[in-house]
Amino acid sequence: MDVTETQPRADQPLTALVTGASGGIGRATCQALAARRYRVAVHWAVNGDGARETLASLPGEGHLLVRGDLTEPGAPERVVSDAGDGLGALGVLVNNAAIATGPENRHHPAECSFADWSAAFRGMIDVNLRAAADVSYWFARQAIEAGHAASIVNVGSRGAFRGEPEHPAYAATKAALHALGQSLAVALAPHGIVVTSVAPGFTATERTADRLAGAGRERITAQSPFGRVASAEEVAHAIAHLADPASSWASGAILDLNGASYLRS
Ligand SMILES: NC(=O)c1ccc[n+]([C@@H]2O[C@H](COP(=O)([O-])OP(=O)(O)OC[C@H]3O[C@@H](n4cnc5c(N)ncnc54)[C@H](OP(=O)(O)O)[C@@H]3O)[C@@H](O)[C@H]2O)c1
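Just so you know, these numbers come straight off a predicted model, no measurement behind them.

Ordered in space as E3-E2-E1-E4-E5-E6-E9, the seven strands form an open sheet in which the pairing is parallel. Whereas interior strands pair on both sides, the edge strands pair on one side only; in this sheet they are strand E3 (64-67) and strand E9 (254-257). Averaged over all neighbouring strand pairs, the angle between strand axes comes to 20°, with direction disregarded. As paired strands, strand E1 (residues 15-18) and strand E2 (residues 39-44) are joined by four bridges and run parallel to one another. Bridge pairing in E2 places Val18 opposite Val42. The sheet contacts of helix H3 (residues 75-87) involve E1, E2 and E3, and relative to E3 the element is tilted by about 165°.

With the rule as written, the count across this model stands at 12 salt bridges. Of the charged contacts, one joins Asp49 and Arg52 as a salt bridge, the two residues approaching to 3.1 Å between their closest N and O atoms. Separated by three residues within a single helix, Asp49 and Arg52 lie in helix H2 (residues 48-56), roughly one turn from each other. Judged by relative accessible area, Asp49 falls into the exposed class, the value being 57%. Under the relative-accessibility criterion, Arg52 is labelled partly exposed at 44%. Here Glu111 and Arg106 are joined by a salt bridge, their closest N and O atoms 2.8 Å apart. Here the residues in one salt-bridge network are Arg27, Glu53 and Glu206, joined through shared partners.

Take the side chain of Ser197 next. The residue Ser197 is located in strand E6 (residues 193-200) in this model. Residue classification places Ser197 among the buried positions, given a relative accessible area of 1%. When neighbours within four sequence positions are excluded, Ser197 is seen to be in contact with Asn154, Leu177, His178, Gly181, Leu242, Ala253, Ile254 and Leu255.

The next subject is the site of the ligand. Close contacts around the ligand come from 30 residues, with Ser22, Val46, Asn96, Tyr170 and Arg207 the closest. One of the backbone N or O atoms of Ala45 is found 2.8 Å from an oxygen atom in the ligand. In this structure, Tyr170 approaches the ligand through a side-chain N or O atom, which is 2.6 Å from an oxygen atom. The protein chains hide 88% of the 900 Å² of surface that the ligand would expose on its own. Within the residue set of the shell around the ligand, elements represented by two or more residues are helix H1 (24-35), E2 and helix H6 (168-188).

Turning to the packing of aromatic side chains, a few remarks are in order. Within the structure shown, the criterion is met by two aromatic pairs. Where Trp117 meets Phe121, the ring centres are 4.9 Å apart and the plane angle is 45°; that geometry is what we call tilted. Of this pair, Trp117 and Phe121 are both found in helix H4 (residues 114-146), four residues apart, which corresponds to roughly one turn of the helix. Of the residues examined, Trp117 reaches a relative accessible area of 25% and is grouped as partly exposed. Look at Phe121 and you get partly exposed, because its relative accessible area is 21%. Here Tyr137 and Trp138 contribute two aromatic rings whose centre-to-centre distance is 4.9 Å and whose plane-to-plane angle is 90°, an arrangement assigned as edge-to-face. When its relative accessible area of 42% is taken as the criterion, Tyr137 is described as partly exposed.

So, how was this worked out
- Residues numbered from 1 in each chain as written.
- Predicted model: local features only at pLDDT ≥ 70, side-chain atom pairs only at ≥ 80, totals over all residues.
- Heavy atoms only, no water.
- Pairing = 2+ DSSP bridges.
- Helix = DSSP H or I, 4+ residues; strand = E, 2+ residues; numbered from the N terminus.
- Axes fitted to C-alpha atoms, helices over the stretch in contact; angles between N-to-C directions.
- Contact = heavy atoms within 4.5 Å.
- Salt bridge = Lys/Arg side-chain N within 4 Å of Asp/Glu carboxyl O.
- Buried < 20%, exposed > 50% of the residue type's maximum accessible area, 1.4 Å probe, protein only.
- Near = heavy atom within 4 Å.
- Polar contact = N/O pair within 3.5 Å; in protein donor to acceptor, adjacent residues only side chain to side chain.
- Areas by Shrake-Rupley, 256 points an atom, 1.4 Å probe, with all protein chains shown as cover.
- Phe/Tyr/Trp six-rings, centres within 6.5 Å; stacked < 30°, edge-to-face > 60°.

Laid out in structure tokens, this is it:
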């Protein structure tokens, strides 16, 4: 047997587009990839200061900013093409941008108005699922056309499995994102494109800082038997690991990153 048949493809460009990289897990992922010598396109929508801070924090050279509200028509295609133009070719896509959970978008079905319920579903489907699907489409098409290997890592959530009673739309869209990743893993494998997802539990980021500083801190940290939450760097480390061509046999996997706070069979 030719030994090359057992090796991952070696033609994946050392470049990455990370969506939603103005802070939090997106920023830590850019840093983890840049530390592994990737050139990174730092995507943002509204928080330009945060994105510039991410860019300035990256080791190495050749990184760039890409702006776009991914819910706007044509934006996913443009963001992928701007990133590809700037970096030469795109080897990695991290679908990290999302409308995450917070008090401002709580929509418990027994307590919220139908207008709030339906706004939460529309907004989260648009960003957490449809935008990720569209960015993945354009990313895959550029890799297929260029004929090189590539990998996509979706940032899903533990909530997809555990449920989010106060944010059902979030859990539903993250479950759909995991499922999208599994379909794409099968569809794109013949083109040398690897697709995985991570499912983090509660992670300390700017977005969760208030909840972690508040009265609910103990309840949150007690979710894990480690008695703490994840750092953004821990999540980013796993994303960078899955993005590496040497991890290609993980294609189709959904990796729990929740400190044993929720065990699924
Ligand atoms: N933190 C946690 O506890 C936790 C747990 C599980 C999963 N996750 C997932 O991890 C990822 C990052 O979480 P985080 O806490 O770091 O969140 P975050 O700080 O709220 O980051 C969300 C990012 O998404 C971008 N974004 C939002 N709407 C967008 C739109 N319409 N178009 C383009 N970009 C848009 C934001 O860009 P701008 O700032 O420029 O608007 C921001 O960079 C998310 O997918 C989240 O669901 C987080």
